[in-house]
Amino acid sequence: MDVCVSIIVVTRNAEFFQAGASVIADLREGLFESVSIDSDWPMQAGPVVPSGPYYAAARDRALRFLDSVGDRISLHVVQAQSLSAALGKLRAREDDGAVQHVGMAYVDYSDPYHGGRSIAEIDRDLGDFYAALRRHRVTAFETPTSTAVFQSPEPLPYQVHPMNFIRCVLPPDADVLRAQLLSLWMDFYELSLVNRRIRPGDRARPGSAMADTLARFLDTRAPGNWALQYYTGSLVSSLIGAFEALAEERGLPVLRGPNEHSLACGAMANWQLYDMPSVTIVTSGMVDEFRGTLANLTEARARGFIICAEQKPDQWYAFQSTISPESDSRDVLHARGVPFVYIETPQGLEQGLAQAMALYDAGRGPVFILATQSVMNVAEQAVAVPAVPATAITPDAKAVEALVALVNAGPERVLLQPGNIRPETSARMLDLSRRTGIALVDSIIHPGAVPTHVEGRPVETHLGTLSVYGFSDTVYRFLHRGGRILPREEQALVFLGDRISQVVTPFSQAKLTRQFNIAQVVAEPGLVAPFTDIGVTMDPDAAVQLLAERAATPPVLVARRMARIAEARRGHDDLSSCQPSLPMTPNFFFGALGRLLEQMIAEEGYDFTGLYDVGRCGISAIRNLPKTRAGFSGWYGRALMGDAYMATLAMAQTCPTDVLTFVGDGARALVPDILPGLLENALSNGPRRNRSLSIFVLNNSGLSAINSYQERILFNRTSRQMRVLNVAQPESERDMCGHRVAVRNIDSFDAEALRHSLHQRGRINIFNVSLAHNNEGDGMSLAHVNGWQQDQLPKTKPVRARGRAEERT
């Protein structure tokens, strides 16, 4: 049966069409059995212009190649001024008995009519065009070489690799244009048309037994609530393609980042805020590229899978292998307590995946799957998904009764600090606090675990932050009298759902042991602190529900507790938070921003999720800003600078609210710029035009927390080791990838300008905030809590002037 291949030429330019027609004429004897043309212009006889050196060289090599192949085809050229018009011509063509295939498509968008069209818009146009061909049963090649788009040389606001075409800039030299058109055709001819591995209309979805099994498994553990993340490589590219298709079918987020570390940060934030497991895929040799965030994921018991390509151990020093005669990454994973499996051969796929799924259910953190390429490329294999295991923790009845007694009949000062709890548990905890008079605090590792505002109204039992850094003055007043910790019988601390790690209080372990009455609720027996007086091994969400059901605190005790909370809340901010200066102090800026956000929350119901990076300014943000829901903190675990900033990439796609990220210049300098990643994710997943994302880059030109340690604790002057150099950035505002990206430099606080920016939808705000370094306030150390700028000292009586007293005597 004869085969006729169609070439599509979309152009408004007769010269562009005639340049292509001249190429066809030169190839006619060597390739084309017959040529038919449906165009706005007749095909000129002979060359448009004499052949130049570029075209002559390409034509000579092409003719020699065609002569060696010897195949001949019939050609039909369809020229139209738009893709839709070309589709109409292809549909209207009568069937002459030959097999019809749409082959190469040349799209000329260099005309001013198409000026300003983005890569993404052209990708969508071509995607719609080929989808329409399929709907109308027009068989077409859809290969990496089948479509080329020519654009004018005007500068673009960003560069991105097209998904559906080869991008070309229309050359001004006719000889170069003809050489380029010929080269594009020959690439298509060699790699698509005569390639026996490619058939027109073939769009088979890549298959993967590993992807299919793990996707089905996660559908049972986290239905509709898991994410795919990847950083590609040759060995994992097919697995990524299969997983991506499965995730898109389910409407799940597919996220990318500038490096593997950014994926770990996104997995951490999604787990802590939304109980969302992640599948993270990276290529061989990248097992060590997650920084300490991998340890944080394990510590947080974040569920998910990290699939990392690996080589076979019997290959002598394989490329990018982490298993060699000299070292073995599995030893490192084992030493760090990271659960893992290694699957070497396709025969071990079923057993390896079964082991990986069992490790997932054990809840010890993300499961590493080290697999060879042959394993990942198994297209089909039935692997059973185990049933969801029953999980039940039986707490010690005596410890539970002691906890209930503490809530119902304990001292007047009971302070509860939750860890990572579910939103419904947070609401139940707030109600419990109101009914029992228990005071609530969050920490710098779980900011917003206790929201400051609910439905626009302040939470009256919220006292602020209790942590090694950033503790609130209200918390200090609640637990101290005359600068000393209250006696054990007058106060109690309740830690709910997390380790009592050093970071969650400013007190030493010795003080916690001797001077505090401590209760702890945690799901794992091994996490009960040795200085705990009441240790309850229980799911924290179940514990709050139990306490809510058994709450029976006498009204008199509730009233006394509420009075103690009100006393602690009476006070004033430190002096620097009220005093304007240039540059602004962190205290002043975050005090002003906090008041603005409180006003927006109360008046407009403003809702946001905060991301707080490691550093003095991140602490200032946690301590001084209101919170309407739980946020994400880089201070968790290893306290890695840059993690919260990197997690912004994932939060931009999965967070249901506006996002406010706070990162100091030291942390920002450690990690890549996330703006390209934000825009690329928006290109693939669609921009979120009903949200705004604001990144506050806080520039005080130093590693400020370390500076404060040297200057305020050790009384040393600063040194080069704490210095950060910031290059001034110009302000700008432009539209990219469906977002309005605005860069603003802030030297003084302008409430109305900030309010306006935060209200803009579909916007990415980057605020470069110029701040001073100081050592005062923000709960950075107990050593200066009674400094002259603070409000903890007792009020003094007025002192009479000596001269007036002497006159009276």
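Residues numbered from 1 in each chain as written. Predicted model: local features only at pLDDT ≥ 70, side-chain atom pairs only at ≥ 80, totals over all residues. Heavy atoms only, no water.

Another aspect to go through is the overall build of the chain. Check the secondary structure of the chain and you find 26 helices and 29 strands. Projected onto its principal axes, the C-alpha coordinates of the chain cover approximately 120 × 70 × 50 Å. A total of 809 residues make up the chain; the buried ones form 54% of that total. Here the analysis covers contacts within the chain between residues at least 6 apart in sequence; of these, 77% occur between residues at least 24 apart. (Helix = DSSP H or I, 4+ residues; strand = E, 2+ residues; numbered from the N terminus. Buried < 20%, exposed > 50% of the residue type's maximum accessible area, 1.4 Å probe, protein only. Contact = heavy atoms within 4.5 Å.)

Our next topic: empty space enclosed by the protein. Taken as a whole, this structure holds 10 cavities of 30 Å³ or more when the rule is applied. As a volume, the largest cavity reaches approximately 180 Å³. Forming the walls of the largest cavity are 14 residues, and the residues nearest its centre are Ile7, Gly20, Ala21, Ile24 and Tyr106. The set of elements that each furnish at least two residues to the lining of the largest cavity consists of strand E1 (3–10), helix H1 (14–31) and helix H5 (174–193). With seven residues, the top contributor of residues to the lining of the largest cavity is H1. (1 Å grid on protein atoms, 1.4 Å probe; cavity = no way out; pocket = protein on both sides within 12 Å on 5 of 7 lines; lining within 4 Å. Points joined across faces, edges and corners; volume = space filled by probe spheres on them.)

Our focus in this paragraph is the sheet that holds strand E17 (residues 462–465). As summarised here, the arrangement of the six strands in space is E17-E14-E13-E20-E21-E22, forming an open sheet in which the pairing is parallel. Sheet topology places E17 and strand E22 (534–537) at the edges, where each strand pairs with a single neighbour. Averaged over all neighbouring strand pairs, the angle between strand axes comes to 20°, with direction disregarded. In terms of strand pairing, strand E13 (residues 413–418) meets strand E14 (residues 439–442) through two bridges, oriented parallel. When the bridges of E14 are listed, leucine 416 appears paired with leucine 440. Strands in contact with helix H13 (residues 397–409) are E13, strand E20 (491–496), strand E21 (518–522) and E22; relative to E22, the strand with the most contacts, it is inclined by about 120°. Contacting E13, E14 and E20, helix H14 (residues 423–436) runs over the sheet at an angle of about 145° to E14. (Pairing = 2+ DSSP bridges. Axes fitted to C-alpha atoms, helices over the stretch in contact; angles between N-to-C directions.)

A separate point is the packing of helix H6 (residues 209–221) against helix H7 (residues 237–249). It is at 9 Å that the axes of H6 and H7 come closest, and there the two elements cross at 35°. As H6 runs across H7, the sense of the crossing is right-handed. Counted together, Met210, Ala211, Asp212, Leu214 and Ala215 of H6 and Leu239, Ala242, Phe243 and Leu246 of H7 form the full contact between these two elements. Split into classes, the residues belonging to the contact of H6 with H7 amount to eight nonpolar, no polar and one charged. (Left-handed = near helix turned anticlockwise from the far one by under 90°. Nonpolar A, V, L, I, M, F, W, Y, C, P; charged D, E, K, R; others polar.)

Quick look at the nonpolar core now. With 108 residues, the main nonpolar core has Phe368, Leu415, Leu593, Phe662 and Phe696 as its most contacted residues. Those residues within four positions of phenylalanine 696 in sequence are excluded, and the remaining contacts are Phe589, Leu593, Leu660, Thr661, Phe662, Val663, Leu754, Phe767 and Val769. Ala209, Phe217, Ala242 and Val367 belong to the second largest nonpolar core, which has 39 residues in total. (Core = buried A, V, L, I, M, F, W, Y, C linked by side-chain atoms within 4.5 Å.)

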